[in-house]
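Descriptive structure summary
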2 protein chains.
Amino acid sequence: MTYCLAITLDDGLVFASDSRTNAGADQVSMYSKMHTFELEKERVFVLLTAGNLATSQAVLSRIKRDIEDEAEESLHSVRGLSDAAAYLGRINREEREKHDETLTKAGFSADASFILGGQIGRQTPEIYLVYPQGNFITTSSHTRFLQIGESKYGKPILDRIIARETPLGDAARCALVSIDSTMRSNVTVGPPIEMIVYERDALTFEHYLCLDADDEYLMDLKRAWDDNIRHAFQDLPRFDWEASRRSRHRGSQLTTTGKPGKKPGKKS
Amino acid sequence: MTYCLAITLDDGLVFASDSRTNAGADQVSMYSKMHTFELEKERVFVLLTAGNLATSQAVLSRIKRDIEDEAEESLHSVRGLSDAAAYLGRINREEREKHDETLTKAGFSADASFILGGQIGRQTPEIYLVYPQGNFITTSSHTRFLQIGESKYGKPILDRIIARETPLGDAARCALVSIDSTMRSNVTVGPPIEMIVYERDALTFEHYLCLDADDEYLMDLKRAWDDNIRHAFQDLPRFDWEASRRSRHRGSQLTTTGKPGKKPGKKS
């Protein structure tokens, strides 16, 4: 499995990915799912991959070759990010179709999904999610992030924190927390975590992190998040019947039933 | 879709469920997914349902009829909770098999899953998850909760908070937060939220809640959780490069790259 996400903000873009691939529980490997393409000061792209590893690698090879060959259509030639997504969609569909029938018969899937983001010149930075069928979507003013792979465990924290004006550092931390929650709940998502924080108009990559499981910052962050969540949790309004828990422990009987009161008392 | 969960603790059991069912986006209804069976002071059961509504209802009818008919095997006759789970598994499989072939041909699924929990006499309270095929699992000393339906969005908070010694009130709040996170991320999970907090050895149900979307306590809880999560988040260790963000806003250039430092500074 895989978990990758990208976030688009007023200040720039954040990309993050795990590094675990598996074909069954006994065939687990480490592969980077984050790839960058940079024509410094002209255009930058980050590509995140999920799904069939052979398809992902084939797509990646074609992207590189098209750049080398100065092909008519390549990441170096496309006019805008949406053209880049359309180009990626086309080669993804083509690579998938080469093996789809054989793999489906064997009970496998040739599907791969991608997140492609970056900036071309002074255009607005954008991120796109490209599906196995080659179609693609981007973000909206309300939906500021895209995810591929095991996306559910890590979504609630993004839903709560991310808005277009969120500072890059906060968004990057939120991405780490999102991936950490996912790694906790699904063992097929694993470290190292790779992250790129791209500042709007930089047209180069300044902030790249690769955090191993024992990385000091990651461990600090996990510990702090775990502590803070517990405190956040302890601070929630109590149910009415909890006030009487003390007396229960002295042997008396709880008698309250039904809905909590309007102003639940704090825990004593 | 559906989201139901049950938690087993030293102090008792917590059950919670949403109430939305849907067959396509234009056929959304409200159905309780929580059912109780009580022989006061002798045995209590809570049944949570997910999956095909016809199968769930058929299973529920048979459970009720077996009790009415004083059948040889019923929730009133079974010796332990695991026997109750085996009984439920058998009728679930039987009801599913009646319609499985026809439904599968039509592109639907007759599958239903259940969580069954409760206490019989002075036996230890237990919870079981019963699969569509009739087999079942219970909890362990490390895995204190079971989920059916849309389980992923709400799992990380349970993973962080729930342990066997967690007080009932905390576990109940955690269940609400877990369902709230799920409702936020999946519109096919919806209110009212039903909850039962069962105190070990009570052998009756004292705490039942049914919280509508506009319930005052639920709104207080959601607001408090949202605020607390934001604070928990603001309090996390910063990346090294964030210290220089202020100067960037005064026009200077960020130059830091790579991994965060050992002791990230707090945000200024």
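1. A look at the overall build of chain A
Each helix and strand counted, chain A has six helices and twelve strands in total. Taking all 268 residues of chain A together, 47% fall into the buried category. Counting only contacts in chain A whose residues sit at least 6 apart along the sequence, the fraction spanning at least 24 positions is 62%.

2. What to know about the relation of the copies chain B and chain A
For the match of chain B to chain A, the screw axis carries a shift of 0.0 Å, the RMSD comes to 0.0 Å, and the turn is 180°. Each copy turns onto its partner about a two-fold axis. The position closest to the rotation axis in chain B is occupied by the C-alpha of Tyr153(B), lying 2.4 Å away. The residues that chain B uses at the interface reappear at the interface of chain A in 98% of cases, marking a shared surface.

3. Points about the interface of chain B and chain A
The interface is formed by 45 residues belonging to chain B together with 44 residues belonging to chain A. Counting residues per element, the ones that place at least two in the side of chain B that touches chain A are helix H3 (155-161), helix H4 (168-185), strand S12 (207-211) and helix H5 (216-234) of chain B. Tallying contributions element by element places H5(B) first for the side of chain B that touches chain A, with twelve residues.

4. Remarks on helix H4 (residues 168-185) of chain A
With 18 residues, H4(A) should reach 26 Å at 1.5 Å per residue; the first-to-last C-alpha distance of 26 Å fits that figure. A large share of H4(A) lies buried, amounting to 16 of its 18 residues.

5. With respect to the pairing of strand S5 (residues 34-39) of chain B
Residue and element names in this part refer to chain B. Where S5 meets strand S6 (residues 43-51), six bridges bridge the pair, whose relative direction is antiparallel. Bridge assignment links Met 34 to a residue of S6, and that residue is Leu 48. What sits between the antiparallel neighbours S5 and S6 is a turn of three residues, in which Lys 41 has the positive phi angle 65°.

6. Some remarks on the sheet that holds strand S2 (residues 12-17) of chain B
Residue and element names in this part refer to chain B. A sheet is described by the order of its strands in space; here five strands give the open sequence S10-S1-S2-S11-S12, paired in antiparallel fashion. A single partner strand is all that each edge strand has here, and the edge strands are strand S10 (145-149) and S12. Across the sheet, the axes of successive neighbouring strands diverge by a mean angle of 10°, strand direction being ignored. Taken together, the six bridges between S2 and strand S11 (residues 193-199) define a ladder with antiparallel strand orientation. Paired with Ser 17 across the bridge in S11 is Glu 194.

7. Re helix H1 (residues 53-68) of chain B
Every α-helix winds through 3.6 residues per turn, so residues three or four apart in the chain are directed the same way. All names here are of chain B. Here H1 spans 22 Å end to end across 16 residues, near enough to the 22 Å set by a 1.5 Å rise per residue. For H1, the complete set of buried residues consists of Thr 55, Ser 56, Ala 58, Val 59 and Ile 63. In an axial view of H1, the angular spread of the buried residues amounts to 165°, which keeps them on one side of the axis. Turned more than 90 degrees off the buried face of H1, the exposed positions are Ser 61, Arg 65 and Glu 68. Against the buried residues of H1 lie S6, helix H2 (81-105) and strand S7 (112-120). Just beyond H1, the residue with positive phi is Glu 70, at close to 50°.

8. Quick notes on the packing of helix H5 (residues 216-234) of chain A against H5(B)
Contact geometry of H5(A) with H5(B) gives a least axis separation of 9 Å together with a crossing angle of 155°. As the angle between them shows, H5(A) and H5(B) are arranged roughly antiparallel. H5(A) and H5(B) meet at a crossing whose hand is right-handed. Here Asn228(A), Ile229(A), His231(A) and Ala232(A) of H5(A) lie close against H5(B), whose contacting residues are Asn228(B), Ile229(B), His231(B) and Ala232(B). Counted by class, the contact of H5(A) with H5(B) contains four nonpolar, four polar and no charged residues.

9. What about the pairing of strand S7 (residues 112-120) of chain A?
Residues and elements named next belong to chain A. For S7, the buried fraction is high: nine of the nine residues fall into the buried class. A two-sided burial pattern is seen for S7, the buried positions comprising Ala 112, Phe 114, Leu 116, Gly 118 and Ile 120 on one face and Ser 113, Ile 115, Gly 117 and Gln 119 on the other. Sheet analysis places strand S6 (residues 43-51) next to S7, joined by nine bridges and oriented antiparallel. Opposite Ala 50, over in S7, you have Ser 113 as the bridge partner. Pairing of S7 with strand S8 (residues 126-130), which is carried by five bridges, proceeds in the antiparallel orientation.

10. Notes on the sheet that holds S6(A)
All names here are of chain A. On the basis of which strands lie adjacent, the open sheet formed by five strands has the order S5-S6-S7-S8-S9 and antiparallel pairing. Since the sheet does not close on itself, it has two edges, and those belong to strand S5 (34-39) and strand S9 (136-138), each with one partner. Averaged over all adjacent pairs, the angle separating strand axes in this sheet is 20°, with direction ignored. Lying on the sheet, helix H2 (residues 81-105) is in contact with S6, S7, S8 and S9; it crosses S7 at an angle near 155°.

11. Quick look at the packing of H1(B) against H2(B)
The relative placement of two packed helices comes down to the angle between their axes together with the axis-to-axis distance. Residue and element names in this part refer to chain B. Orientation of H1 relative to H2, taken along the N-to-C sense of each, is 135°, at an axis distance of 9 Å. Taken together, the axes of H1 and H2 are oblique relative to one another. In this structure, H1 crosses over H2, and the sense of that crossing is right-handed. Residue-level contacts link Ala 54, Thr 55, Ala 58, Val 59 and Arg 62 of H1 to Ile 91, Asn 92, Glu 95, Arg 96 and His 99 of H2. Here the contact of H1 with H2 is built from residues that sort into four nonpolar, three polar and three charged.

12. What about the environment of Ala6(B)?
Residue and element names in this part refer to chain B. Along the chain, Ala 6 falls in strand S1 (residues 3-9). A C-alpha to C-alpha distance of 13 Å links Ala 6 and Gln 119, two positions 113 residues apart in sequence. Each residue touching Ala 6, except ones within four places of it in the same chain, is listed here: Leu 13, Val 14, Phe 15, Leu 48, Ile 115, Gly 117, Ile 127, Phe 145 and Leu 146.

13. Some words on unusual backbone geometry
Residues and elements named next belong to chain A. Here the amide bond leading from Pro 191 into Pro 192 is cis, since omega sits at -5°, within 30 degrees of zero. As for its position among the elements, Pro 192 is in the loop between H4 and strand S11 (193-199). Although it is not a glycine, Lys 41 sits at a positive phi angle of roughly 65°. On the secondary structure map, Lys 41 appears in the loop between S5 and S6. Take Lys 41: there are 10 C-beta atoms within 10 Å of it, and that puts it in the exposed class. The backbone phi angle of Glu 70 is positive, close to 45°, even though this residue is not glycine.

Scoring rules and cut-offs
Residues numbered from 1 in each chain as written. Chains lettered and ligands numbered in written order. Predicted model: local features only at pLDDT ≥ 70, side-chain atom pairs only at ≥ 80, totals over all residues. Helix = DSSP H or I, 4+ residues; strand = E, 2+ residues; numbered from the N terminus. Buried ≥ 20, exposed ≤ 12 C-beta atoms within 10 Å, placed from the backbone. Contact = placed C-beta atoms within 7 Å. Least-squares fit on C-alpha atoms with pLDDT ≥ 70 in both. Expected span 1.5 Å × (residues − 1). Pairing = 2+ DSSP bridges. Axes fitted to C-alpha atoms, helices over the stretch in contact; angles between N-to-C directions. Arc of directions from axis to C-beta. Parallel < 35°, antiparallel > 145°, perpendicular 65-115°, else oblique. Left-handed = near helix turned anticlockwise from the far one by under 90°. Nonpolar A, V, L, I, M, F, W, Y, C, P; charged D, E, K, R; others polar.

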